[in-house]
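Given next are the chains, with one letter for each unit.
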Amino acid sequence: MNKAFSVSIAVLLFVCSFSATSQTFHTLTGTVIDSVTNEPLSFASIKLEKEGKLITGVQSTDDGGFKIETSTNEVYIIKIEYVGYAPKSVEINTTENNFNLGALALAPLSQLLETLIVTGIKPNMVTTLEKQVFDSEQFEVAKGGTASDLIKNIPSVMINVEGEISVRGSKGFVIMVNGKPSALDQATILSQIPANTIQKVEIISVPSARYEADGKAGILNIVTKKGAMDGLSLFTNVQYGLPRIKAYFNETEPQRHGVDATLSYRKEKLELNVGLNYLQNDIAGRREGDVFTILNGVKTIFPSEGERSFIRKSYGLRANATYNLNVNNELTAGVYLGSREQYRTANIVYNNTKENATSGEPISAFSYYNGNQVLKAGDFQVYNLDYLHKFEDRSSISLSGLLENAQLDGNTQNRNLNPLDYSDTLQYTFNTGQNPLNALRLKVDYEKPIKVGVLAFGYQYRLQNQDGVFRYLERSGNNLPFVQNDLFSADIRVENRIHGLYGMYSAKFDKLEFSSGLRYEKSDRVFKDGKSDDFHLDLSNLFPSANVMYSLGNAWRLKAGYSRRVQRSTNNELNPYPEREHSETLEQGDPRIKPEFIGITEVGISKDAQKLSVYLNLYHQYITDIVNRVNSVYNDTILNRIYTNAGVANLVGSELGLTWAASKKLKWFVGGNVYRLNIDGMLFENAVNVASRGWVYSLNSNLSYKITPSLSSQFNFSYMSARNTAQGQDSRFYQPNLSIKKSFMNNKMTVGAQWQNMAFGNMGVNEQRITTSGANFFTTTNYIQETNIVLLNLSFNFNQRDTKVKLPSSEFGEKEF
């Protein structure tokens, strides 16, 4: 029997022994809501007092609910407090075993109430022990878009010109949806979640032991909208993009349109949710490049210019059903069916010259046209089943299972043509890749309240098998057959198995709240290609974590935390067989690549007040075996990009978030992040030294103005400074956006317009230059993407739901997409 599995059984038997108690507890439950909007208030403070002394306290959950247990029949006072609202006290007598207080409405303070009624402005940022929580309502420019459009407004979240997302400078972070971990590729899943369905986003920068150890930058949890109403509800949104304004001389015109709908039904013990979405979100663009290589005393220079555009389509169906068998048992089942396609076209003219590397004497010169098309496609099927049981002694156990199948496919066509006659083929490479994936995730979690605090234990198992069939075909000249390049072609298989065990303890003493835990993970990775010996990587690691928060008074809170994390490589980063990504580029992975291990330390201070919410965090990340994509010379006109471990990195930074309701109609949100990244190491078997240093900063800001009670506007600005990499630098990148929204029919219908990537003249909006260099090469590429995009949105809301919609999503397949 597997050792980790044996240990997990022993742990579960141990924790279950806590349930053997005969003591009778009285359970007090209720829901905290806003008296004006009837929306639930999460993170409200609920205190149970007797004769002026604090007995215990809890915080309300995401849906505003709370539960307090007491073991005696007494008269108590329940005090409920929430920042910006008048406190509320309720006297109760616990003569019944289960006592439901119902909906407890808190009234906004007079100043805040006026703002809320007249302008709709309210606090949108909350700090908790583990999380920084951002309300989606403050990011109006994202409405009608996707989760990507929303999260790029959050401090420390940056999206570059390639659509790559990073948190605190790291691209490795975990996406969760309603607390459910996901192995999706960040950009893929975020692009498939409609922004209209999101209530808030939680940044968990120092995760506790209960969370899987993956993600060097922590966790980003998306919480969908919620409420408290039974019955049927429907929310729909239609988006249409106006024709492009600026000409980019692309083969096709960009198309932008989409629709999403969520239908929900809730009655007594049953809850059903169905979501549909379709989106085509193309983007026009161009690229300008300059490259030189030095090989055998010859310097080859090949500047280029041409089209770089994307056609992007996605479809999704998510369905979920939750049934409360009784007060102690809940069953949830879900299914997700999705499809995604992305076509990238890069039609570029190269002007190639050769000269003597020492004397500069010309050798030759010629031009050629390169037609490059890349298709990535994926079909996903995910099925999940969850069960929750609550014991009479207040402990609970939850079981969860997820099964996934993904059919991943794609190809790259790379044609070098005579610029005077496109029918004259000089060289043609055709890469194909079929990459089906099957995955399984199982977990069990147990929680046991004790005299002071809560104990939690759990076991998690992950299995992921992926088979790849990769073919590299070549031909030279016209009407010649393709010939397979066996050095670049292979059938590969990657197997990943991970066992995880954790235990943690959390408690709250008056002004002090803390949690600490330890997680153990055993991972086994096997790479097979049938040409060489199998490559195994077996690891056993401990992941400690701790968080503490102390209330200083007057709404100020101080917190500190530590967490050890791991960043595992994707199968794409492990595949050593090259793909002709561009005319000038081969891209490949390395099966010997090691996972990154990260130690995260953080301290911070925050204040949540009526007109002002602010937080400041200082953080440090120590990263071993940091992975970078680096370049080397393959031949005179091709660079080889490979994923490899580049050494050790130290990242020290700070982040600031501030929301200020300046007046009844005006609110300003600003978030900033600044960090210094140092990378030290060796590349290519110690042939190249890496010593990269640099400061990086980013700014996200939006200004909201309520023109009339039903007409609002918002200006948004995001900026990312230049960033150092192992071999070069990525330039600055910025995007200004403007939105306006008009509400009708008592806010049941809204019409909005967005002006994305606002640009006048040669402002350089939505452009970024990527530069790398080595001893015998230099490459720089300026990516120029479409500006002045105008989108129209029409939304309709019928009997809006009030429960969190927990729709399933792909766990593994879209990550590999």
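Residues numbered from 1 in each chain as written. Predicted model: local features only at pLDDT ≥ 70, side-chain atom pairs only at ≥ 80, totals over all residues. Heavy atoms only, no water.

Visitor: How would you explain the confidence of the model for the protein if you had to name every residue and give the values?
Guide: Within the protein, residue pLDDT values average 84, and 88% of them lie at 70 or more. Here helix H2 (residues 110–119) stands out as the least confident element of the protein, with mean pLDDT 34; strand S20 (residues 298–301) is the most confident, with 96. Throughout residues 110–123 the model reports pLDDT below 50, and contacts reaching past four residues in sequence, or to other chains, amount to 38 contacts. Counting contacts from residues 800–807, a segment whose pLDDT is below 50, to residues more than four positions away or on other chains yields 43 contacts. (pLDDT = per-residue confidence, 0-100. Helix = DSSP H or I, 4+ residues; strand = E, 2+ residues; numbered from the N terminus. Contact = heavy atoms within 4.5 Å.)

Visitor: Go over the pairing of strand S12 (residues 174–177) with me, naming the residues and quoting the values.
Guide: Side chains of S12 alternate between two faces, with Val174 and Met176 and Ile175 and Val177 buried alike. As defined by bridge partners, S12 adjoins strand S15 (residues 219–224) across 4 bridges and the pair is classed as parallel. Opposite methionine 176, over in S15, you have asparagine 221 as the bridge partner. (Buried < 20%, exposed > 50% of the residue type's maximum accessible area, 1.4 Å probe, protein only. Pairing = 2+ DSSP bridges.)

Visitor: Explain the packing of aromatic side chains to me, and be specific about the residues and the numbers.
Guide: Under the counting rule described, the total for this entry stands at 20 aromatic pairs. Summarising the aromatic geometry, the rings of tyrosine 697 and tyrosine 719 are spaced 5.9 Å apart at their centres and angled 25° between planes, so their arrangement reads as stacked. Taken together, the positions of tyrosine 697 in strand S42 (residues 688–708) and tyrosine 719 in strand S43 (residues 711–720) put the pair 22 residues apart, joining distant regions of the chain. Arranged with centres 6.5 Å apart and planes meeting at 15°, the rings of phenylalanine 717 and tyrosine 719 form a pair that is stacked. Here phenylalanine 717 falls in the partly exposed class, since its relative accessible area comes to 26%. Tyrosine 719 sits in the partly exposed class, given a relative accessible area of 21%. An aromatic cluster is present here, built from Phe302, Tyr350, Phe366 and Tyr368 joined pairwise through their rings. Positioned above the aromatic ring of tyrosine 619, the side-chain terminus of arginine 168 is 4.1 Å from the ring centre. Just above the ring of phenylalanine 482 sits the side chain of arginine 475; from NZ or CZ to the centre is 5.0 Å. (Phe/Tyr/Trp six-rings, centres within 6.5 Å; stacked < 30°, edge-to-face > 60°. Lys NZ or Arg CZ within 6 Å of the ring centre and 35° of its normal.)

Visitor: Just give me the short version of the environment of leucine 104, but keep the residues and values in it.
Guide: Secondary-structure assignment places leucine 104 in strand S7 (residues 98–106). As for leucine 104 and proline 40, which are separated by 64 residues in sequence, their C-alpha atoms are 9.7 Å apart. For leucine 104, the contacting residues outside a window of four places in its chain are Thr31, Val32, Ile33, Phe66, Ile80 and Val90.

Visitor: How would you summarise the sheet that holds strand S34 (residues 579–582) if you had to cite specific residues and measurements?
Guide: Within the open sheet, the 4 strands sit side by side as S34-S35-S39-S38. Their pairing is mixed. With one partner strand each, in any of the chains shown, S34 and strand S38 (627–635) form the two edges of the open sheet. The mean angle between the axes of side-by-side strands here comes to 35°, regardless of whether they run parallel or antiparallel. Pairing of strand S35 (residues 585–588) with strand S39 (residues 638–645), which is carried by 4 bridges, proceeds in the parallel orientation. When the bridges of S39 are listed, glutamate 587 appears paired with arginine 641. (Axes fitted to C-alpha atoms, helices over the stretch in contact; angles between N-to-C directions.)

Visitor: Tell me about the nonpolar core, residues and numbers included.
Guide: Residues Phe134, Leu150, Ile151, Ile154, Leu190 and Leu220 are the most contacted members of the largest nonpolar core, which totals 27 residues. Listing elements by their share of this core, those giving two or more residues are helix H3 (147–151), strand S10 (157–159), strand S11 (165–167), S12, helix H4 (186–192), strand S14 (198–204) and S15. Once residues lying within four places of it in the same chain are set aside, the contact partners of leucine 150 are Ser136, Phe139, Ala142, Ala195, Ile198 and Val201. If you look at the next biggest cluster of nonpolar residues, it comprises 23 residues, including Val206, Ile600, Leu651 and Leu683. (Core = buried A, V, L, I, M, F, W, Y, C linked by side-chain atoms within 4.5 Å.)

Visitor: So what's going on with the side chain of glutamine 132? Residues and values would help.
Guide: As for its position among the elements, glutamine 132 is in strand S9 (residues 132–135). Here glutamine 132 is in contact with Val126, Thr127, Val201, Glu202, Ile203, Lys559, Tyr615 and Asn617, once residues within four sequence places are set aside.

Visitor: So what's going on with the environment of alanine 321? Which residues, and what values?
Guide: Take alanine 321: it is sitting in strand S22 (residues 309–326). For the pair alanine 321 and threonine 332, spaced 11 residues apart in the sequence, the C-alpha separation amounts to 5.7 Å. Setting aside its immediate chain neighbours within four residues, alanine 321 contacts Glu271, Leu272, Leu331, Thr332 and Ala333.

Visitor: Got a sec to walk through the sheet that holds strand S2 (residues 45–50)? Specific residues and values, please.
Guide: Taken together, the 4 strands give an open sheet; going across it, the order is S3-S2-S5-S6, and neighbouring strands pair in antiparallel fashion. Among the strands making up the open sheet, the edge pair consists of strand S3 (53–59) and strand S6 (88–93). Looking at each pair of strands side by side, their axes are set apart by 25° on average, direction ignored.

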